[in-house]
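Architecture and fold: a report
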Amino acid sequence: MSSDQPLGYLVKQFDNELNDYVDTALRTEHGVGRAHWQALRTAFGDRKLLLSTFTSEARTFYSDAELAELLSSLTENGWIDVEGATDSERIMVLTDQGEKLLNRMMQTQNRTMQIATEGVSEADYETTRTTLDRMASNLHTASAALLRPMSVEID
């Protein structure tokens, strides 16, 4: 398959397809969506995850209402416990039930990667990943340079 579409279009199309597939696969197989996967995986990766840190970072992707619904679902289903007396001390703790769900979800995610990378060599995958990372870094650096105050010389 060849495309004449610009890179930005292809990246956005891939992102949309990946998000849709992951959410559908997780909902079909586990009854929960991508947001649950992300929260459980984040809590698993950081056993002392501050609730305030998680919510601050998650607001990039979810509205306050969606985030409240997600946290309610995670705690009411016994997948996450929130421990700590004050807001600044509250941490998200992955429960045994949450870890079991996460392990099942990881199997689904592994199949997703197999589907997404079918016909793609490891070398091509790594090249694509590193190229996109470099391009994103270049744009981040260039954006930061645009935001720096410019000095104007007057003759």
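It should be noted that the structure appears before, not after, this text.
Residues numbered from 1 in each chain as written. Predicted model: local features only at pLDDT ≥ 70, side-chain atom pairs only at ≥ 80, totals over all residues. Heavy atoms only, no water.

1. Regarding the layout of surface pockets
The criterion, for reference: Put plainly, a pocket is an open set of points on a 1 Å grid over the protein atoms alone with protein on both sides within 12 Å along at least five of seven lines, a cavity is a set where a 1.4 Å probe fits but cannot get out, and a lining residue has an atom within 4 Å of a point. Grid points are joined across faces, edges and corners, and a volume is the space filled by probe spheres set on the points. Only DSSP runs of H or I covering at least 4 residues are called helices, and only runs of E covering at least 2 are called strands; the numbering of each starts at the N terminus. Amino acids are sorted into nonpolar (Ala, Val, Leu, Ile, Met, Phe, Trp, Tyr, Cys and Pro), charged (Asp, Glu, Lys and Arg) and polar (every other residue, Gly among them).
When its volume is computed, the largest pocket comes out at roughly 1,500 Å³. As for the largest pocket, its lining consists of 37 residues, and the residues nearest its centre are Val-11, Phe-14, Leu-18, Ala-116 and Leu-132. Taken together, the elements giving at least two residues each to the lining of the largest pocket come down to helix 1 (7–30), helix 2 (34–45), helix 3 (51–58), helix 5 (96–116) and helix 6 (122–147). Considering every element that reaches the lining of the largest pocket, the biggest residue donor is helix 1, with 9 residues. Looking at side-chain class alone, the lining of the largest pocket contains 22 nonpolar, 9 polar and 6 charged residues. Of the pockets and cavities examined, the second largest pocket occupies roughly 280 Å³. In terms of lining, the second largest pocket is formed by 13 residues, of which the most central are Asp-23, Arg-27, Ala-35, His-36 and Tyr-62. Among the secondary structure elements, those contributing two or more residues to the lining of the second largest pocket are helix 1, helix 2 and helix 4 (64–76). For the lining of the second largest pocket, the class distribution of residues is 4 nonpolar, 4 polar and 5 charged.

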